[in-house]
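One letter stands for each residue in the lines below.
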Amino acid sequence: LTQWPGLIEAYRDRLPVSATTPVVTLFEGNTPLVPARALSEQTGCEVYLKVEGANPTGSFKDRGMTMAISKAAEEGAQAVICASTGNTSASAAAYAVRAGMTCAVLVPSGKIALGKLAQALVHGAKLLQVDGNFDDCLELAQKLAVDYPVSLVNSVNAYRIQGQKTASFEICDVLGGAPDVHCIPVGNAGNITAYWLGYREYADTGVVDAAPRMFGFQAAGAAPIVMGAPVARPTTIATAIRIGNPASWSRAEAARDESGGLIDAVTDKQILEAYRLIARSEAVFVEPASAASVAGLLMTVADGRLPRGSRVVCTVTGNGLKDPDWAISGAPKPITVPVDGHAAAVSLGLA
Ligand code: F0G
């Protein structure tokens, strides 16, 4: 048994690194592509979940961060900065530790999940809660990166996109070809950009015959690309994608248009239903934003835009443990029993 070497080593020839790039890795990537039996049955498609919550800090951000931090180290950076709805900050904080850098993060005050806040803090990031939303945080982080000696590691950093494109490589490598359709949540729109880049690269170099259609899904209260205009006050329970003015807006539209795909909105109700379904039927615990991909799959199969019989991969972007509130609030309250076999059996409906 040999250890997976991390995605930079695994895909070195397709990434902008050289022999002298110091590789900063937590052995991210190589995440499970889980056949989704219940979803396949329900949709009449061949559905897989790309479980990105299995990355070291529990989200797909690690793919981008291993590249961004390695390149920052190569350039001699000693400090990095990012704006975040939580996962980017968790990942940046961890990889900065690995690289011996300091990490500053700007998060929207009161609007990130507790698990993600805990991650940034435990890894020793300098965390500022900004009185504003993610879009305000990103603007501030970009300004600080211009005015002070800190490297920006948001997905406007091209190395982030390069790292994240490897998810498409893994999917094609495992399936022996590209899927017909790829469903993905859209927030700041870096990830849909990255997946499209990866698929296109594999198609252009003949590794796969064709790239899939990209189906992106925003939360209905934070759906600027769908509405065609920035949303000043985005709202959704899926805090990870509570973004009103995505940095990679036009590249997401290019991914949609070049692939013959779509970008649509799913409501918080659809997101929560999909969230529970993934946990109950597929045994995969994701965070609410991640369920937007599956909510979108169900919606577009139901209305006929996603043809039955298709091979579909849904990226589920982050681990459910980061934001457990929605798991607990939707579940029956646990019953407390004395240390008594009969009482326990009665409560369990066994007696
Ligand atoms: N899913 C999760 C769990 C995320 O954390 C994010 C983005 C997305 C989906 C959307 O990806 O922005 O590339 O379109 N989270 C960022 C953050 C914004 O700060 O952690 P995207």
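Being a predicted model, the structure only gives us computed values, none of them experimental.

A. View of the site of the ligand. Looking at the ligand, there are 18 residues lining it, with Ser-84, Thr-85, Asn-188, Ala-189 and Thr-317 nearest. Between the ligand and Asn-191 there is a distance of 2.8 Å, counted from an oxygen atom to a backbone nitrogen or oxygen. Take Thr-317: an N or O atom from its side chain is 2.6 Å from a nitrogen atom of the ligand. Expressed as a share of its isolated accessible area of 470 Å², the protein-covered part of the ligand is 98%. For the ligand, the cavity whose grid points lie within 2 Å of the majority of its atoms is the largest cavity. Broken down by secondary-structure element, the contributors of at least two residues to the shell around the ligand are α4 (87-99) and α9 (190-204). Across the shell around the ligand, the residue classes tally to six nonpolar, ten polar and two charged.

B. Broad picture of the pattern of salt bridges. Scanning the model with the defined rule gives 14 salt bridges in all. Between Lys-116 and Glu-287 there is a salt bridge, with its nearest N and O atoms 2.7 Å apart. Taken together, the residues span a long stretch of sequence, with Lys-116 in helix α5 (residues 114-122) and Glu-287 in the loop between α12 (268-282) and α13 (292-302) at a distance of 171 residues. On the basis of relative accessible area, Lys-116 is assigned to the buried category, the value being 0%. In this structure, Arg-200 and Glu-258 form a salt bridge, with 3.2 Å as the shortest nitrogen-oxygen distance. Residue Arg-200 is found in helix α9, and its partner Glu-258 is found in helix α11 (residues 249-259); the two are separated by 58 residues along the sequence. Residue Arg-200 is classed as partly exposed on the basis of its relative accessible area, which comes to 29%.

C. Quick peek at α9. Relative to the 21 Å expected for 15 residues at 1.5 Å per residue, α9 spans 21 Å between its end C-alpha atoms, a close match to the ideal helical length. When α9 is considered as a whole, its buried residues turn out to be Gly-190, Asn-191, Ile-192, Thr-193, Ala-194, Tyr-195, Trp-196, Gly-198, Tyr-199, Glu-201 and Tyr-202. Downstream of α9 by a residue or two, Gly-206 has a phi angle that is positive, lying close to 75°.

Procedures and definitions
Residue numbers restart at each chain and count upward from 1, following the sequence in its written direction. Given that this is a predicted model, residues contribute local features only at a pLDDT of at least 70 and side-chain atom pairs are listed and counted only at 80 or more, while totals for whole chains, interfaces and linings are drawn from all residues. Side-chain metrics rest on all non-hydrogen atoms present in the structure, leaving aside hydrogens and water. Whether a residue is near a molecule or strand depends on its heavy atoms: it is near if one of them lies within 4 Å of it. Here a polar contact is taken to be a pair of N or O atoms separated by no more than 3.5 Å, where protein atoms must pair a possible hydrogen donor with a possible acceptor and residues adjacent in sequence count only if both atoms sit in side chains. All accessible areas in this document rest on Shrake-Rupley with a 1.4 Å probe, and a residue is counted as covered only by the protein chains that are shown. Using a 1 Å grid laid over the protein atoms alone, points where a 1.4 Å probe fits but cannot get out form a cavity; open sets with protein on both sides within 12 Å along at least 5 of 7 lines form a pocket; any residue with an atom within 4 Å of a point counts as lining. Think of it this way: a molecule belongs to a cavity or pocket when more than half its atoms come within 2 Å of the grid points there. Elements are defined by DSSP. Helices are runs of H or I of four residues or more, strands are runs of E of two residues or more, and each kind is numbered from the N terminus. Three categories are distinguished: nonpolar for Ala, Val, Leu, Ile, Met, Phe, Trp, Tyr, Cys and Pro, charged for Asp, Glu, Lys and Arg, and polar for the others, with Gly belonging to the last. When a carboxyl oxygen of Asp or Glu lies within 4 Å of a side-chain nitrogen of Lys or Arg, that pair is called a salt bridge. A simple rule labels every residue: compare its accessible area, found with a 1.4 Å probe on the protein chains alone, to the largest value its type can have, and call it buried under 20%, exposed over 50%, or partly exposed in between. Here, expected helix span is obtained from the residue count minus one, scaled by 1.5 Å.

These values are about where atoms sit, not about what they do.
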